[in-house]
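For reference, the chains in residue letters:
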Amino acid sequence: MQQIKVDISGVSSFIDEAQLKAVRPEAEAALQTVDKATGAGNDFLGWNTLPSEITPAQIDDINATATKLRNNCKVVVCIGIGGSYLGAKAVIEALGDTFAAYRNDGGHCHVVFAGQNIGEDYLFELMSYLHGKKFGIIVISKSGTTTEPAIAFRLLKDMLERQEGKKFAAEHIVAVTDAKRGALRTLADTEGYKTFVIPDNVGGRFSVLTPVGLLPIATAGYDIKALVDGAVAMEKGDQSDALVYAETRNALYRAGKKIEILVNYNPKLHYFGEWWKQLYGESEGKDHKGIFPASVDNSTDLHSMGQWIQDGERTIFETVLSVEASKYETIIPSDNENLDGLNFIAGKRVDNVNKMAELGTRIAHIDGGVPNLTITIPALTETYLGQLIYFFEKACGISGYMLGVNPFNQPGVEAYKKNMFALLAKPGYEKETEAIKARLNK
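Calculation criteria
Residues numbered from 1 in each chain as written. Predicted model: local features only at pLDDT ≥ 70, side-chain atom pairs only at ≥ 80, totals over all residues. Heavy atoms only, no water. 1 Å grid on protein atoms, 1.4 Å probe; cavity = no way out; pocket = protein on both sides within 12 Å on 5 of 7 lines; lining within 4 Å. Points joined across faces, edges and corners; volume = space filled by probe spheres on them. Helix = DSSP H or I, 4+ residues; strand = E, 2+ residues; numbered from the N terminus. Nonpolar A, V, L, I, M, F, W, Y, C, P; charged D, E, K, R; others polar. Axes fitted to C-alpha atoms, helices over the stretch in contact; angles between N-to-C directions. Parallel < 35°, antiparallel > 145°, perpendicular 65-115°, else oblique. Contact = heavy atoms within 4.5 Å. Pairing = 2+ DSSP bridges. Core = buried A, V, L, I, M, F, W, Y, C linked by side-chain atoms within 4.5 Å. Buried < 20%, exposed > 50% of the residue type's maximum accessible area, 1.4 Å probe, protein only. Salt bridge = Lys/Arg side-chain N within 4 Å of Asp/Glu carboxyl O. Polar contact = N/O pair within 3.5 Å; in protein donor to acceptor, adjacent residues only side chain to side chain. Phe/Tyr/Trp six-rings, centres within 6.5 Å; stacked < 30°, edge-to-face > 60°. Lys NZ or Arg CZ within 6 Å of the ring centre and 35° of its normal.

Asks: So what's going on with empty space enclosed by the protein? Residues and values would help.
Replies: Applying the stated rule across the entire model yields one cavity of 30 Å³ or more. As a volume, the largest cavity reaches approximately 30 Å³. Along the walls of the largest cavity sit M234, D238, Q239, D241, A242, Y390 and F391, which together make up its complete lining. For the lining of the largest cavity, the secondary structure elements donating two or more residues are α11 (240-254) and α15 (382-403). When grouped by side-chain class, the residues that make up the lining of the largest cavity number four nonpolar, one polar and two charged.

Asks: Outline the packing of helix α9 (residues 211-219) against helix α10 (residues 224-236), supporting the account with residue identities and numerical values.
Replies: Packed helix pairs are specified by the crossing angle of their axes together with the interaxial distance, meaning the distance between the axes. The geometry of α9 relative to α10 is characterised by a closest axis approach of 9 Å and an angle of 140° between their N-to-C directions. It follows from the interaxial angle that α9 and α10 lie oblique. Each of L214, I217 and A218 in α9 lies in contact with α10, whose residues at this interface are I224, L227 and V228. A per-class count over the contact of α9 with α10 returns six nonpolar, no polar and no charged.

Asks: Break down the sheet that holds strand β3 (residues 110-114) for me, citing the residues and quoting the values.
Replies: Strand order in the open sheet formed by five strands is β3-β2-β4-β5-β6, with parallel pairing between adjacent strands. Bordering the open sheet on either side are β3 and β6 (194-197), each of which pairs with just one other strand. Sheet twist, expressed as the average angle between the axes of neighbouring strands with direction ignored, equals 20°. Pairing between strand β5 (residues 173-177) and β6: four bridges, direction parallel. Each residue of the ladder has a partner; that of V174, found in β6, is K194. Against the sheet, helix α5 (residues 120-130) contacts β2 (75-79), β3 and β4 (135-140), and its axis sits at roughly 150° relative to β3.

Asks: Can you break down the sheet that holds strand β10 (residues 372-379) residue by residue, with the values?
Replies: Strands sit in the order β1-β10-β9-β7-β8 across an open sheet of five strands; the sheet is mixed. Taken across any chain shown, the strands that pair with only one partner, and hence form the sheet edges, are β1 (5-7) and β8 (292-297). Averaged over all pairs of adjacent strands, the angle between their axes in this sheet comes to 20°, without regard to strand direction. Inspection of the sheet shows β1 paired to β10 by three bridges, in the antiparallel sense. Across the sheet, the residue bridging to D7 is T374, located in β10. Against the sheet, helix α12 (residues 270-284) touches β7 (259-264), β8 and β9 (316-325), its axis set at about 175° to β8.

Asks: Account for the nonpolar core, with residues named and values stated.
Replies: Side chains that are nonpolar tend, in soluble globular proteins, to be buried together. Counting 114 residues, the largest nonpolar core has F272, F391 and F392 as the members making the most contacts within it. Here this core gets 13 residues from one element, more than from any other, and that element is α15. Listed in part, the nine residues of the second largest apolar core include V263, A294, I309 and V370.

Asks: Can you lay out the pattern of salt bridges for me, pointing to particular residues and giving the numbers?
Replies: Summed over the entire model, instances satisfying the criterion amount to 23 salt bridges. Here K89 makes a salt bridge to E93, at a shortest N to O gap of 3.2 Å. Of the two residues, K89 and E93 both sit in helix α4 (residues 86-95), four residues apart, roughly one turn of that helix. Owing to a relative accessible area of 34%, E93 belongs among the partly exposed residues under this scheme. Here D178 and R181 are joined by a salt bridge, their closest N and O atoms 3.5 Å apart.

Asks: Talk me through the environment of R162; I want residue IDs and the actual numbers.
Replies: Here R162 is to be found in helix α6 (residues 147-164). Taking the relative accessible area as the measure of exposure, R162 reaches 59% and is therefore exposed. Each C-alpha atom, one on R162 and one on D60, is 31 Å from the other, the two residues being 102 residues apart in sequence. There is a polar contact of 2.9 Å between the side chain of R162 and the side chain of D158.

Asks: Kindly report on the pairing of β2, identifying the contributing residues and their values.
Replies: Burial within β2 is extensive, with five of its five residues counted as buried. Here β2 shows a buried face lined by V75, V77 and I79 and a second buried face lined by V76 and C78. Looking at chain direction, β2 and β3 are connected through five bridges and run parallel. Following the sheet pairing, V77 is matched in β3 by V112. Sheet analysis places β2 next to β4, joined by five bridges and oriented parallel. Note on β4: the bridge partner recorded for V76 is G136.

Asks: I'd like a rundown of the packing of aromatic side chains, residues and numbers included.
Replies: For the coordinates displayed, the defined rule picks out 15 aromatic pairs. Judged by centre distance (4.9 Å) and plane angle (20°), the rings of W47 and F206 are stacked. With W47 in the loop between α1 (17-36) and α2 (50-53) and F206 in the loop between β6 and α9, this residue pair connects regions lying 159 residues apart in the sequence. According to the relative accessible area criterion, F206 is buried, its value standing at 2%. Taken together, the ring pairs in this structure connect Y245, F272, W275, W276, Y280, F391 and F392 into an aromatic cluster. The side chain of K89 reaches across the aromatic face of Y271, ending 4.8 Å from its centre.

Asks: Summarise the side chain of S207; cite the residues concerned and give the values.
Replies: Its place among the elements puts S207 in the loop between β6 and α9. Setting aside residues no more than four positions away along its own chain, S207 makes contact with G83, V202, V212 and G213.

Take a look at the structure:
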């Protein structure tokens, strides 16, 4: 099995070997802290050994449930927010046919997402799309009371029961939730929903290799065993690449590079960037510390963000996700008139042109003062995406401990919820409601 590769030669003009050697002992100590579970948040380190602990029986159970949904539903709505949807969305988008939803493809089941926002128009349009279609629901929530997914589930559960009847709904709603507690667990037990458990020791942003991510991915028709096998290869293999990535980004941070931009040259990786942003932003952004995670889709964003990256404030570095092999081959034809002046690339593959755009941009950005790391993925397959997921998770744990924060909590996430509940006059928030109204009336 090939593996993803990390290349840090594009940072050599900005931090020298001595600076990297200086942080190596910290990186090695952080790796030990992760592996021995001796640091802050060690009760949320279940993801570290998760891939190798997934059994064939668990894979079979997930696949059987996914097959039932696929066979009986035209659409399956995956309801969740944050880590409860981003990992699945990232993998499905990376592996999928961009235009599958527009094809007349017989009985193919489409996975769509809800509960990741409170957009009224989004929910109305989703319900209009689902009208008259047999659909199923995968609802993902440890508590069952998180506002965004709870609103979507209330609406869609009611719609499904009215449209297909309570029996069909009960057989085609799957809950991924806590083993024993919470509103969703109570409802699932009462209604007889099929359930999968979110492990107590795995936080949401690290949960893509639990049923949280595996069930939607399998329902979309992809090989979750290969995904897990890729992650197992990284878990059991050499951890040096994760170590190098973590120590390099921290050395750059200490040298004044405060923003990391994850760059892809394959549009299928857009949502992988979104998943990565949550993983690193929620893990490291604490105690007024942390590298700010951003992402761009090139070459598209070279025509929008490219100017800022090339010539803006020099507080950034880039990590480029480079996909070695495309799935398909498309050759640029010759044209007798050559009005567009493209005959000089006639006969070349589109991917060859894309690779030259990637290389040319990396050189230009390095010359412009932007350090570049490169992570090469052999191809967009389940196996290599499994590798990439585990690689970034492991490096995140190492990097967070190097920063001196707890990488596995998220205390700042609750602040907006308290204000929202106060503004909505949620029972139990009477004092907060009074205080925030007084503040707004000043």
